[in-house]
Each structure stands twice: as C-alpha cells, then as structure tokens.
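Inside the fold
Residues per chain are reported as follows:
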Amino acid sequence: MSPRRLRVTVWGENVHERKNPIVRKIYPRGMHTTIADAIGEARGIDVRTATLQQSQHGLTKRVLDETDVLVWWGHAAHRKVSDRVVERVLARVWEGMGFVALHSAHYSKPFKRLMGTSCSLTWREAGEKERLWVCNPAHPIARGIDRYFEIPNTEMYGEPFAIPAPDEIVFLSWFEGGEVFRSGCTWKRGNGNIFYFRPGHEVYPIYHHPVVRQVLRNAVRWAAPDATKWIDSCPQIPARKAPERLEVKGPRMHKEGEAGFR
Ligand code: ZN
C-alpha cells in the first residue's frame, strides 16, 4: 500500500497583493498561491489554499480536519482574523496538526496564542542582504541545504525576538546592517509541531527563491503529525476501570462517570 499523501493548507491574508502594485507584480495570483506551488512541487503532498476573504477565512472545521499541516502568512490584517477560527486552529494543533508560521505571522493571532508571549522583534526596511546560517545541519528542515544561503534584498528582523526558548534553532540570520535573528525555530504544543520561518517580506520575490522553497517543502514534511491521538476532552476514569484494583477512600466531589469540567 502506498503511504498516505500529506495534506497541506496554505493560508494567506491576501491583502497586499490586491492593494499594492509592487506586490501584485511579484505575486500576481497571490502570495498564498506561490507558497502553495512551492510546496506542491514535492511528491506525495496535496496542497490547497485558503484566504481571509473566504467564509470562515476558508478554515472551516472540515477543511482543518482534512489538514495535516497549516502554513500561515499574514501581516496587515491580523486583527481581522476571527477568534472562533483561531480557537479551531489551536484545537487542531493540540490534536496534532502541524503549524508553519511565515515572516510577519510572528504577530498572527494563532502564533501568539501558541507561544504565549508578545512575539515582538526589531525591524528595518532597507532592502539589505540576509545570510541564513544552518545551525542544525542534521535537522530534517535543513535537508539538502548548504552551510548557509542568502537573500539579496529583504527587510531586517532583529533580536530580541520575544518568543519562548525554541526546542531547536534550525536557521540563524545575519543581516548586512549587522543584526542577527533566530530565523528558523521549532516548538511542540500539544501533539502539534510548530515551525517559524522568517523570510517572506512581501515586496521582494522571496517565495520564488529556490532554497526558501526547499525549506517550505522540508518544513511541512517535518511538521506532519504522527499517528498519536491527543485526548482533547477531560474524561473521568471510574475506580473500577483503574489498571490496578482500587478501593475508593475519602470524600468525593464528583459522581462516578461524570463529565469533566471544560
Ligand atoms: Zn515584512
């Protein structure tokens, strides 16, 4: 039997590419489409896109239930993302869906909720060069990538980046102006694998860069869930179902079999 195909949804806020002629020229079909095309170049991956403007931002329960990894690009409209949709995304991450946050998605509602910190950083728009160093050559997200790669013109993001300590740092950026930044970081939240990847400022053709596209493919494969199912309710285990024989002692607040508080 052939292995099951990986199901990826690329979510794009789709605002700059409709309003700004520079962005529209680089991404005539939207940034989300270019990102999805890069991921779809890999064998065994089915990619779909969703945007802010769609009903429920294109992230219905059904779409999320059929998504193994959600990729998120947002910038100008973070506040327009419905809290209900955000809760739905978080529940799926806890269950095991992978989440890849790109560039200015550091300030997106789902990423901030998953991190539990402000996720602030320093920045500068000077079209400077970025050199991304591979910190962890054995990491699956760095597969096929040399010691470093460069993006000729970009926006700078600098430290301090207000995130919880990552489980792993895959890429570290150096910028022409002198700053450094943790550009590729991983975490686990519930059963879900999370990857933050910095490149992707909208006025440069960064998602056409071959190495950036390779990282996107590596990242979704890495973030794919394993088979384990997260217990997302709060079930009470009756004493008679304990693995060992158990005599009930002491006062009890709850009836046997009562549903847990949520
Ligand atoms: Zn930017």
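Located above this text is the structure these notes cover.
Below: a short report on this structure. None of these values were measured; they are calculated from a predicted model.

**A short note on the coordination of the zinc ion**
For the zinc ion, every protein donor is listed as His 103 (NE2), Glu 155 (OE) and His 201 (ND1), and the spread of their distances is 2.0 to 2.1 Å. Positions of the donor residues of the zinc ion, expressed as sequence spacing, correspond to H-x51-E-x45-H. With Glu 155 in strand 6 (residues 148–158) and His 201 in the loop between strand 9 (192–197) and helix 7 (210–223), the pair connects residues that are 46 residues apart, well separated along the chain. Residue Glu 155 shares its accessibility class with His 201, and that shared class is buried.

**A closer look at the packing of helix 3 (residues 31–40) against helix 7**
For the pair helix 3 and helix 7, interaxial distance at closest approach is 8 Å and the crossing angle is 70°. Taken together, the axes of helix 3 and helix 7 are roughly perpendicular relative to one another. Where helix 3 crosses over helix 7, the handedness of that crossing is right-handed. Contact with helix 3, carried on its side by Thr 34, Ile 35, Asp 37, Ala 38 and Ile 39, involves Arg 213, Leu 216, Arg 217 and Val 220 of helix 7 and no other residues of that element. A breakdown of the residues in the contact of helix 3 with helix 7 according to their chemical character gives 5 nonpolar, 1 polar and 3 charged.

**A word on helix 5 (residues 83–95)**
Residues spaced three or four apart along an α-helix face the same direction, because each turn holds 3.6 residues. In this model helix 5 runs 18 Å from its N-terminal to its C-terminal C-alpha over 13 residues, within 8% of the 18 Å that 1.5 Å per residue would give. Where helix 5 is concerned, the buried positions are Val 85, Val 86, Arg 88, Val 89, Leu 90, Arg 92 and Val 93. In this fold, the buried residues of helix 5 make contact with helix 4 (61–65), strand 3 (69–73), strand 4 (98–102), helix 6 (109–115), strand 8 (180–189) and strand 9. The opening residue of helix 5 is Ser 82, an N-cap whose side-chain oxygen sits 3.1 Å from the backbone nitrogen of Arg 84.

**Examining the pattern of salt bridges**
Evaluation of the coordinates by the stated rule reveals 18 salt bridges. Its salt-bridge partner being Glu 41, residue Arg 217 comes within 2.9 Å of it at the nearest N-O pair. Here Glu 41 lies in the loop between helix 3 and strand 2 (45–51) and Arg 217 lies in helix 7, a separation of 176 residues in the sequence. In this structure Arg 217 comes out as buried when scored by relative accessible area, which is 14%. Judged by its relative accessible area of 52%, Glu 41 falls in the exposed class.

**Here's the deal with helix 7**
Here helix 7 contains 14 residues, and its C-alpha end-to-end distance of 20 Å stays within 8% of the 20 Å for a straight helix at 1.5 Å per residue. The element helix 7 is extensively covered by neighbouring structure, given that 10 of its 14 residues are classed as buried. If you check which residues of helix 7 are buried, you get Val 212, Arg 213, Val 215, Leu 216, Arg 217, Asn 218, Ala 219, Val 220, Trp 222 and Ala 223.

**So, the environment of Ala 162**
Tracing the chain through its elements places Ala 162 in the loop between strand 6 and strand 7 (168–175). Placed 45 residues apart in sequence, Ala 162 and Thr 117 show a C-alpha to C-alpha distance of 6.5 Å. Once residues lying within four places of it in the same chain are set aside, the contact partners of Ala 162 are Thr 117, Ser 118, Cys 119 and Ser 120.

**A few points about the sheet that holds strand 3**
Strand order in the open sheet formed by 9 strands is 2-1-3-4-9-8-7-5-6, with mixed pairing between adjacent strands. Edge positions in the sheet fall to strand 2 and strand 6, since each has one partner strand and no second. Across this sheet, the average inter-strand angle for adjacent strands is 25°, counted without regard to direction. Of the strand pairs in this sheet, strand 7 and strand 8 are connected by 6 bridges, and their pairing is antiparallel. Each residue of the ladder has a partner; that of Glu 168, found in strand 8, is Thr 186. Set on the sheet, helix 3 makes contact with strand 1 (6–12), strand 2, strand 3 and strand 4; between it and strand 2 the angle comes to about 170°. The strands touched by helix 5 are strand 3, strand 4, strand 8 and strand 9; relative to strand 9, the strand with the most contacts, the crossing angle is about 115°.

What counts and what doesn't
Per chain, residue numbering runs from 1 following the sequence as it is written. The model is predicted, so local features are restricted to residues of pLDDT at least 70 and side-chain atom pairs to those at 80 or more, both for listing and for counting; the totals for chains, interfaces and linings are taken over all residues. With hydrogens and water excluded, all non-hydrogen atoms of the structure serve as input to the side-chain values. For Na, K and Ca the donor cutoff is 3.2 Å, while for all other metals N, O and S atoms must lie within 2.8 Å; water is not among the atoms, so some sites may look incomplete. Labels follow the DSSP assignment, with helices taken as runs of H or I lasting at least four residues and strands as runs of E lasting at least two, numbered in each case from the N terminus. Accessible area is worked out with a 1.4 Å probe on protein chains only. A residue is then buried under 20% of its type maximum, exposed over 50%, and partly exposed in between. In this description, a line fitted to the C-alpha atoms serves as the axis of each element, helices being fitted only across the stretch in contact, and the angle between N-to-C directions of two axes falls anywhere from 0 to 180 degrees. Here the angle decides the label: under 35 degrees means roughly parallel, over 145 means roughly antiparallel, 65 to 115 means roughly perpendicular, and every other value means oblique. Left-handed describes a crossing in which the near helix is turned anticlockwise from the far one by less than a right angle; the clockwise case is right-handed. The criterion used for residue contact is that any of the two residues' heavy atoms lie within 4.5 Å. By the convention adopted, Pro, Cys, Tyr, Trp, Phe, Met, Ile, Leu, Val and Ala count as nonpolar, Lys, Arg, Asp and Glu as charged, and the other residues, Gly among them, as polar. Here the expected length of a helix is defined as 1.5 Å per residue gap, with one fewer gap than residues. Pairs of N or O atoms within 3.5 Å make up the polar contacts considered here, provided that, within protein, one atom can donate a hydrogen while the other can accept it, and that residues adjacent in sequence are counted only when both atoms are side-chain atoms. Salt bridges are defined by distance alone: a side-chain nitrogen of Lys or Arg within 4 Å of a carboxyl oxygen of Asp or Glu. Any two strands are treated as partners once DSSP identifies two or more bridges connecting them.

Limitation: the analysis is restricted to geometry and does not speak to function.
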